[in-house]
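An overview of the molecular structure
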Amino acid sequence: MQRHTTLGEFIIGNQKDFPYAKGELSALLSSIRLAGKMVNQEINKAGLAEILGKFGSDNVQGEEQMKLDVLANDLFISTLRSRGEICGIASEEMEDYVSFDEDIHKDAKYVVLIDPLDGSSNIDVNVTVGTIFSIYRRISEPGTPVTLEDFLQPGNKQVAAGYLAYGTSTMLVFTTGNGVNGFTYDPGIGSFFLSHPKMQIPEDGKIYSINEGNYVHFPEGVKKYIKWCQELDPATNRPLTSRYIGSLVADFHRNLLKGGVYIYPKGTTAPKGKLRLLYECNPMAYLMEQAGGAASDGYTRIMDLDPTELHERVPFFCGSKTMVAKAEEFMDQYRD
Ligand SMILES: O=P(O)(O)OC[C@H]1O[C@](O)(COP(=O)(O)O)[C@@H](O)[C@@H]1O
Ligand SMILES: [Mg+2]
Ligand SMILES: [Mg+2]
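Residues numbered from 1 in each chain as written. Chains lettered and ligands numbered in written order. Predicted model: local features only at pLDDT ≥ 70, side-chain atom pairs only at ≥ 80, totals over all residues. Heavy atoms only, no water.

1. Some remarks on the coordination of the magnesium ion (ligand 3)
Protein coordination at the magnesium ion (ligand 3) comes from Glu92 (OE), Asp115 (OD) and Leu117 (O), with a distance range of 2.0 to 2.2 Å. Sequence spacing of the donors to the magnesium ion (ligand 3): E-x22-D-x1-L. The distance between the magnesium ion (ligand 3) and the magnesium ion (ligand 2) comes to 3.7 Å, with Asp115 serving as a donor to both metals. (Donors = N, O, S within 2.8 Å, 3.2 Å for Na, K, Ca; no water.)

What follows is the structure, given as structure tokens:
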């Protein structure tokens, strides 16, 4: 039987390539793995346990929180608080960042931004959902309280990023700046195994992912790009195929494996787009670029955007280089 590398072995084996490589980032990735296992366990039995449905309150963005949004948030916060690798965390489900001031955290050098449960609209219908995380080195002095500036760093300063996909199988996909690797969870053994080494997205693809139900609200450039995707021209793989799961992690993962482009543009209903720069777009952009793809807001590289707010939204164009470039071409031609 082929022997697969466990995530633990991979982390230790590649620690030398990690930025600042003193073991703290490895330990942090292990903590995220642990919290991911706990969330996975809850999601797998979601239909049986009283954890489907609405939690009964809205998050800072005015979105109804699902019970699993809150449960996943609590599991990640409590796991990371119980271990000393980070000095603070910010989450989609919390208005403000949380500073970990206990002694075990005083020398911690990292902060984490997290979307604890991505694809909330799919939780109750048994469709793939995920967790997205982004890791930065703090800029404030260790031993002092963490600050907002520690979180408002541009994506090009990330030291690691990744996601968990809770789907037909559960996967953990991450980068520390040396390519992208995917690990599949074996529930029988309770370990993640390296199943997708050095993931690379195809330069071009045949899949476009966008919620066309919002077409009337889209900028002219996006409307023109969609029409271009639907025209008949075999030489350029057109018409392309439309696939939209409605969970960013799931649509991203499919496109990463097969080639494709995911677009969540701004629109009359979402003047700045829907997705959040710090804990959705930046980590996915880092992964996509490390896998040979591209990510922008239609004009500017996502990872060069300067964040000003914890929960700010941006338009998101992400995927195969050729396809993102084509969409940007239309955005440039039909600037609004
Ligand atoms: O239903 P819409 O407007 O197409 O939005 C779907 C998008 O919103 C999201 O659900 C937003 O993420 P959350 O579920 O974490 O809030 C993405 O996962 C997904 O791609
Ligand atoms: Mg999300
Ligand atoms: Mg979410």
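2. A closer look at the domain arrangement of the protein
Each assigned domain of the protein is listed here: domain 1 (7–196) and domain 2 (207–333). A C-alpha centroid distance of 23 Å is found between domain 1 and domain 2. In this complex, domain 1 contributes 51 residues to the contact, which on the side of domain 2 involves 33 residues. When the area that domain 1 buries against domain 2 is broken down by residue, the three leading residues are Ile132, Leu152 and Tyr163, summing to 20%. The salt bridge partner of Arg276 is Glu63, with a shortest N-O separation of 3.3 Å. Across the domain 1-domain 2 interface, the total number found is 17 residue pairs in polar contact (both at pLDDT 80 or more). Sorting the residues of the side of domain 1 that touches domain 2 by element identifies β3 (86–91), β5 (110–118), β6 (129–137), β7 (160–166) and β8 (170–175) as the ones contributing at least two each. Here the element with the most residues in the side of domain 1 that touches domain 2 is β6; it accounts for seven residues. Classifying every residue of the side of domain 1 that touches domain 2 by side-chain character gives 25 nonpolar, 20 polar and six charged. (Domains from an automatic or database assignment. Contact = heavy atoms within 4.5 Å. Buried area = accessible area lost by both parts, 1.4 Å probe. Salt bridge = Lys/Arg side-chain N within 4 Å of Asp/Glu carboxyl O. Polar contact = N/O pair within 3.5 Å; in protein donor to acceptor, adjacent residues only side chain to side chain. Helix = DSSP H or I, 4+ residues; strand = E, 2+ residues; numbered from the N terminus. Nonpolar A, V, L, I, M, F, W, Y, C, P; charged D, E, K, R; others polar.)

3. Structural notes on the site of ligand 1
Lining the immediate surroundings of ligand 1 are 17 residues, of which Asp118, Asn211, Tyr244, Leu248 and Tyr264 lie closest. In this structure, an oxygen atom belonging to ligand 1 sits 2.9 Å away from a side-chain N or O atom of Asp115. Within the side chain of Lys274, one N or O atom sits 2.9 Å away from an oxygen atom of ligand 1. Coverage of ligand 1 by the protein amounts to 88% of the 470 Å² it exposes when considered alone. (Near = heavy atom within 4 Å. Areas by Shrake-Rupley, 256 points an atom, 1.4 Å probe, with all protein chains shown as cover.)

4. Examining the environment of Ser30
With respect to the helices and strands, the residue Ser30 is situated in helix α2 (residues 24–44). The buried category is assigned to Ser30, whose relative accessible area is 16%. When the C-alpha atoms of Ser30 and Gly8 are compared, they prove to be 7.4 Å apart, with 22 residues separating the residues in sequence. If we ignore the near neighbours within four places in the chain, the residues touching Ser30 are Ile11 and Arg83. (Buried < 20%, exposed > 50% of the residue type's maximum accessible area, 1.4 Å probe, protein only.)

5. Quick look at the UniProt feature "binding site: substrate" (unreviewed entry) in the protein
Mapped onto the present numbering, the UniProt feature "binding site: substrate" (unreviewed entry) falls at Asp118, Gly119, Ser120, Ser121, Asn211, Tyr244 and Lys274. As for the lining of the largest pocket, the annotated residues named previously contribute Asp118, Gly119, Ser120, Ser121, Asn211, Tyr244 and Lys274. Residues in contact with Ser120, not counting those within four places in the same chain, are Met66 and Asp69. Residue placement: Asn211 occurs in the loop between β11 (207–209) and α4 (220–230). When its relative accessible area of 27% is taken as the criterion, Asn211 is described as partly exposed. Leave out the neighbours within four places in its chain, and Asn211 touches Phe218 and Tyr244. (UniProt positions renumbered as here; feature names shortened; annotations may be inferred. 1 Å grid on protein atoms, 1.4 Å probe; cavity = no way out; pocket = protein on both sides within 12 Å on 5 of 7 lines; lining within 4 Å.)

6. Observations regarding the pattern of salt bridges
According to the stated counting rule, one finds 17 salt bridges in the structure shown. The closest approach of N and O atoms between Glu64 and Lys54, which form a salt bridge, is 3.7 Å. Linking Glu64 in strand β2 (residues 64–66) with Lys54 in strand β1 (residues 54–58), this pair joins segments that are 10 residues apart in sequence. According to the relative accessible area criterion, Glu64 is partly exposed, its value standing at 48%. We note a salt bridge from Lys224 to Glu220, for which the minimum N-O separation is 2.8 Å. Taken as a pair, Lys224 and Glu220 lie in helix α4 at a separation of four residues, close to a single helical turn. Judged by its relative accessible area of 34%, Glu220 falls in the partly exposed class. Each of the salt bridges in this network shares a partner with another, and the network as a whole consists of Glu63, Glu92, Arg276, Glu280 and Arg313.

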